[in-house]
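# Observations on the three-dimensional arrangement
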Amino acid sequence: MGGDAEKWVLMVTARTPTNIAVIKYWGKRDETLILPINDSISVTLDPNHLCTTTTVSVSPSFDQDRMWLNGKEISLQGGRFQSCLREIRARAQDVEDKKKGIKINKEDWQKLNLHIASYNNFPTAAGLASSAAGLACLVFSLAKLMNLKEDNSQLSAIARQGSGSACRSLYGGFVKWCMGKEENGSDSLAVQLADEKHWDDLVIIIAVVSARQKETSSTSGMRDTVVTSALIDHRAKEVVPKRIVEMEDAIQKKDFPSFARLACTDSNQFHAVCLDTYPPIFYMNDTSHRIISCVEKWNRAEGTPQVAYTFDAGPNAVMIARDRKTAASLLQRLLYNFPPQSDVDLDSYVIGDKSILQDAGIKDMKDVEGLTATPEVKDSILSEKSKGDVSYFICTRPGGGPVVLADESHALLDSVTGLPK
Ligand code: ADE
């Protein structure tokens with residue numbers, strides 16, 4: 001190690017997207033290594049709207065590994081963080097920064113301590129897969145800091161040990177997490193099926209649904225499902241392998257009707273398997289069900305799917321519209337059926353890519369109040385409108401993978417003290 005009076009701080013900042021599975025991961029065959037019982041496929045969401053930014057730093061003056069999440073110090077003692085740190089340190093290489101006069105030999109990484117600061121640009125508690133983006137960003141930024149030779153697919157196998165779905169956030173576009181066969185998990189990793197430019201007509205609208213109670217954690221939910229559900233084996237062995245092949249084909253051909261049918265039926269089967277768990281797990285609520293009804297009725301009225309929906313381990317709806325025009329129409333329907341509470345303004349009710357609002361011809365709350373029922377929803381459960389069932393909507397699209405942010409202004413740690421800015 002070198003440098004002025006051992007006072008140097010070396011750091012890297014990176015940004016990593018979140019992802020939404022359209023063929024779901026549910027059930028582990030190894031709890032420590034986080035090995036799944038089936039392959040899964042996801043869409044990476046545009047990091048301009050949903051992402052994690054993480055700064056990792058190293059200095060001989062740090063006396064322990066420390067981490068801050070959204071400005072608050074958190075413990076790094078958990079087994080999953082420790083697995084990621086151990087796996088990355090084991091692959092660390094020599095690093096030299098001639099300008100700063102710093103030389104770190106690969107053996108030094110075992111003794112050097114790290115400071116890590118991470119920030120999610122969306123509420124961590126909203127149930128929007130923050131741990132997927134978070135763990136992927138931690139692994140990606142540390143890999144850059146320590147000059148690892150591994151590619152993103154090999155890094156995904158490390159991120160997987162922090163949070164299963166994190167492995168899919170190492171790539172943009174459409175990503176498959178191959179379950180793998182090896183007992184040590186070396187072949188359980190992510191591969192990119194297509195980049196974000198391949199199918200750029202798609203528009204994604206997320207309804208953040210107000211939840212009254214805390215959901216069952218995914219880890220304990222999956223464990224209970226694997227132990228008690230009679231359906232999960234059939235899903236993993238018979239249903240998903242066929243759907244994976246069909247979904248890869250639908251993505252490659254940009255076949256929206258097949259994509260939508262597969263995404264919707266797979267989300268529904270995941271929630272059916274949760275209901276088949278004993279005791280049963282309920283992730284969707286009445287609002288989630290009303291959103292499904294809204295989309296299903298519209299798709300049926302059109303004769304061919306316009307919008308796909310998918311729900312993870314919580315009540316939020318992720319809707320994927322076939323193009324911008326459909327997305328504008330979807331947003332009109334959603335705002336009519338799920339209006340905000342009277343004290344909420346439009347600017348905070350629809351966030352992300354606001355151009356979809358413009359396309360829908362909605363400039364202010366007056367325009368929202370002026371929306372009228374579409375024919376297919378008459379006399380349905382959708383006529384029971386109550387304000388505030390949706391907290392807000394996020395408009396986004398498929399997006400790119402992790403990137404290093406070279407400009408120091410993005411750093412979350414001070415370049416002299418290595419403490420949060
Ligand atoms: N859990 C939720 N968000 C996270 C983040 N950004 N980093 C690590 N763990 C997280």
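The name that an unreviewed UniProt entry assigns to the chain is Diphosphomevalonate decarboxylase, with the source organism given as Taraxacum kok-saghyz.

## Section: the overall build of the chain
Within the chain, the secondary structure is distributed over 11 helices and 19 strands. The C-alpha atoms of the chain give a radius of gyration of 22 Å, which matches the 22 Å a tight globule of 421 residues would have. Along the longest, intermediate and shortest principal axes, the C-alpha atoms of the chain span 75 × 50 × 40 Å. In the chain, buried positions account for 55% of the 421 residues. Looking at charge distribution, the chain has the averaged site of its 49 positive side-chain charges lying 1 Å from that of its 54 negative ones.

## Here's the deal with the layout of surface pockets
Of the volumes computed, that of the second largest pocket is approximately 410 Å³. Forming the boundary of the second largest pocket are 17 residues, of which Arg-212, Gln-213, Tyr-283, Met-284 and Asn-285 lie nearest the centre. Residues of the lining of the second largest pocket, tallied by class, amount to six nonpolar, six polar and five charged.

## Notes on the UniProt feature "domain: Diphosphomevalonate decarboxylase-like N-terminal" (unreviewed entry) in the chain
Residues annotated by UniProt as "domain: Diphosphomevalonate decarboxylase-like N-terminal" (unreviewed entry) correspond here to residues 17-190. Here residues 17-190 is 21% helix and 30% strand, with 14 Å between the C-alpha atoms at its ends.

## A short note on the pattern of salt bridges
Enumeration over the complete set of coordinates arrives at 23 salt bridges. With a shortest N-O distance of 3.9 Å, Lys-111 and Asp-108 are connected by a salt bridge. By relative accessible area, Asp-108 is classed as buried at 8%. The residue Lys-237 makes a salt bridge to Asp-233 at a minimum N-O spacing of 3.4 Å. Residue Lys-237 and its partner Asp-233 are located together in helix 5 (residues 232-253), separated by four residues, close to a single helical turn. Judged by relative accessible area, Asp-233 falls into the partly exposed class, the value being 47%. Connected through shared salt-bridge partners, Asp-46, Arg-324, Asp-353, Asp-359 and Arg-397 make up one network.

## Section: unusual backbone geometry
With an omega of -5 degrees, the peptide bond between Tyr-278 and Pro-279 qualifies as cis. Considering the arrangement of structural elements, one finds Pro-279 in the loop between helix 6 (256-275) and helix 7 (286-302). Its identity is not glycine, yet Asn-70 carries a phi of approximately 50 degrees, on the positive side. Positioned with a positive phi, Ala-129 is a non-glycine residue whose angle comes to about 55 degrees. Here Ala-129 lies in the loop between strand 11 (113-120) and helix 2 (130-145). The class of Ala-129 is partly exposed, set by a relative accessible area of 26%.

## Notes on the pairing of strand 18 (residues 390-396)
Most of strand 18 sits out of view: six of its seven residues are buried. Where strand 14 (residues 203-209) and strand 18 come together, six bridges link them in antiparallel fashion. Residue pairing in the sheet places Ile-206 in a bridge with Ile-394 of strand 18. Where strand 17 (residues 350-352) lies against strand 18, three bridges are found, and the strand directions are parallel. Along strand 18, the bridge assignment pairs Gly-352 with Cys-395.

## A short note on the sheet that holds strand 1 (residues 10-17)
With mixed pairing, the six strands of this open sheet are ordered in space as 8-7-11-6-1-19. Each having just a single partner strand, strand 8 (72-74) and strand 19 (403-404) make up the two edges of the open sheet. Direction of pairing for strand 1 relative to strand 19: antiparallel, over a ladder of two bridges. Residue pairing in the sheet places Arg-15 in a bridge with Val-403 of strand 19. Packing of helix 1 (residues 79-91) onto the sheet brings it into contact with strand 7 (66-69), strand 8 and strand 11, and relative to strand 11 it is tilted by some 125 degrees. Here helix 2 sits on the sheet in contact with strand 1, strand 6 (51-59), strand 11 and strand 19, set at roughly 145 degrees to strand 1.

## Points about the nonpolar core
By size, the foremost hydrophobic cluster in this structure holds 67 residues, and its most contacted members are Ile-206, Met-247, Phe-259, Met-319, Leu-335 and Phe-393. Among the elements that make up this core, the one with the highest residue count is strand 14 (seven residues). The residue makeup of this core includes at least three contributed by each of domain 1 (4-196 + 405-410) and domain 2 (203-396). In this view, Phe-259 contacts Val-22, Val-43, Phe-174, Trp-199, Met-247, Ala-250, Ile-251 and Ile-320; residues no more than four positions away in its chain are not counted. Core analysis: the second largest hydrophobic core is formed by 53 residues, Trp-8, Ile-34, Cys-84 and Val-175 among them.

Quick notes on the rules
- Residues numbered from 1 in each chain as written.
- Predicted model: local features only at pLDDT ≥ 70, side-chain atom pairs only at ≥ 80, totals over all residues.
- Heavy atoms only, no water.
- Helix = DSSP H or I, 4+ residues; strand = E, 2+ residues; numbered from the N terminus.
- Rg over C-alpha atoms; globule rule 2.2 N^0.38 Å.
- Buried < 20%, exposed > 50% of the residue type's maximum accessible area, 1.4 Å probe, protein only.
- Lys, Arg positive; Asp, Glu negative; His and termini not counted.
- Charge placed at Lys NZ, Arg CZ, Asp CG, Glu CD.
- 1 Å grid on protein atoms, 1.4 Å probe; cavity = no way out; pocket = protein on both sides within 12 Å on 5 of 7 lines; lining within 4 Å.
- Points joined across faces, edges and corners; volume = space filled by probe spheres on them.
- Nonpolar A, V, L, I, M, F, W, Y, C, P; charged D, E, K, R; others polar.
- UniProt positions renumbered as here; feature names shortened; annotations may be inferred.
- Salt bridge = Lys/Arg side-chain N within 4 Å of Asp/Glu carboxyl O.
- Pairing = 2+ DSSP bridges.
- Contact = heavy atoms within 4.5 Å.
- Axes fitted to C-alpha atoms, helices over the stretch in contact; angles between N-to-C directions.
- Core = buried A, V, L, I, M, F, W, Y, C linked by side-chain atoms within 4.5 Å.
- Domains from an automatic or database assignment.

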